[in-house]
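Spelled out, the chains give:
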Amino acid sequence: MKNLRMKSARAAKDLSQQALAELVGVSRQTINSIEKGDYNPTIRLCLAICRALDKTLDELFWEETDQP
Amino acid sequence: MKTMLLKSIEVIDQSDNVTLVPNLRMLAGIGVGIIIGVGILALVAYSRRNEGGLFSKYDERQKVAQGLAYRNGFWTVVVLLCGWYILDLCDLWLPTGRNLTILLIMLTGVLVYVVSCIMMDAYIGLNDNRKRTAISLSVLTVSNLGLGFANRAAGSSTFVMNLLVGCMTLVVLAAIGIKALLERRNGGEEE
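Calculation rules
Residues numbered from 1 in each chain as written. Chains lettered and ligands numbered in written order. Predicted model: local features only at pLDDT ≥ 70, side-chain atom pairs only at ≥ 80, totals over all residues. Helix = DSSP H or I, 4+ residues; strand = E, 2+ residues; numbered from the N terminus. Buried ≥ 20, exposed ≤ 12 C-beta atoms within 10 Å, placed from the backbone. Contact = placed C-beta atoms within 7 Å. Nonpolar A, V, L, I, M, F, W, Y, C, P; charged D, E, K, R; others polar. pLDDT = per-residue confidence, 0-100.

Engineer: How would you summarise the overall build of chain A if you had to cite specific residues and measurements?
Structural biologist: Along the backbone of chain A there are 5 helices and 0 strands. Ordering the α and β elements of chain A from the N terminus gives α-α-α-α-α. Judged by the C-alpha coordinates and their principal axes, chain A covers about 40 × 20 × 20 Å. Considering chain A as a whole, with its 68 residues, one finds that 31% of them fall into the buried category. Long-range pairs, those at least 24 residues apart, make up 51% of the contacts in chain A with a sequence separation of at least 6.

Here it is, written out as structure tokens:
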């Protein structure tokens with residue numbers, strides 16, 4: 001599943017995928033894969049991305065379901 | 001001690017006339033090759049001392065992708081070895097001979113691993129430069145192919161190894177080029 005929240009958070013900070021990748025210490029293709037939903041990052045990487053984008057884990061990575 | 005050593009390298013099996021004398025020229029050549037290889041590695045390590053050293057660094061996704069690539073390479077080698085074994089059982093000899101067949105199987109496994117890594121963006125490390133990698137591979141390709149043809153002209157029997165390695169690095173270069181073209185065609189990133 002695509003991670004549009006991460007993409008919009010990155011755009012809000014005016015960061016390219018390459019810039020975010022360098023901040024977080026991964027490759028640009030990894031950021032691209034996470035945003036496209038092709039790769040599930042570890043908690044450590046999730047936290048690093050949240051810190052770089054000033055967001056919480058819930059805001060960027062929580063999957064909302066229809067269940068009450 | 002000296003007598004034992006001399007005896008160990010000059011054993012002759014009288015029944016089959018098989019000599020177990022090692023090919024000292026080949027051993028010396030391999031030794032020189034190892035020394036030159038270590039020297040080149042030392043040079044590369046020195047030139048990359050400010051970029052994290054000799055070894056490339058990969059992120060977690062790349063390491064996972066490399067694991068899949070290792071699997072692909074492993075099964076390629078297993079399947080080819082099984083195929084060679086079956087051909088041997090059926091007395092169907094390949095025209096390549098034993099040594100060349102082993103080399104071909106090894107290089108094919110390595111090639112499958114490397115191309116899988118390239119296609120999954122797990123070949124170029126975080127501290128690597130794609131252009132410099134391409135230049136290094138180009139130098140390797142040209143030198144191996146050049147050595148191969150030169151050895152063939154000189155009548156050496158080992159020219160095939162150089163030609164095969166040169167072809168392998170050429171395929172790797174082509175894979176890097178194709179991947180770069182595909183990335184450019186897909187607009188790089190941002191969808």
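Engineer: Describe the interface of chain B and chain A, with residues and values.
Structural biologist: Accessible area lost on assembly of the parts is the figure often given for the size of an interface. Of the residues lining the interface, 8 residues belong to chain B; the matching set on chain A comes to 11 residues. Split into classes, the residues belonging to the side of chain B that touches chain A amount to 1 nonpolar, 1 polar and 6 charged.

Engineer: Please give an account of the confidence of the model for chain B that cites residues and values.
Structural biologist: All names here are of chain B. Per-residue confidence for chain B gives a mean pLDDT of 84, with 85% of residues at or over 70. The weakest mean pLDDT in chain B belongs to strand 1 (residues 12-13) at 46; the strongest belongs to helix 3 (residues 60-89) at 95. Low pLDDT, under 50, characterises residues 11-15; the stretch is placed with 3 contacts to residues that sit more than four places away or in other chains. Here the prediction assigns the complex a pTM of 0.80, and the interface score ipTM is 0.88.

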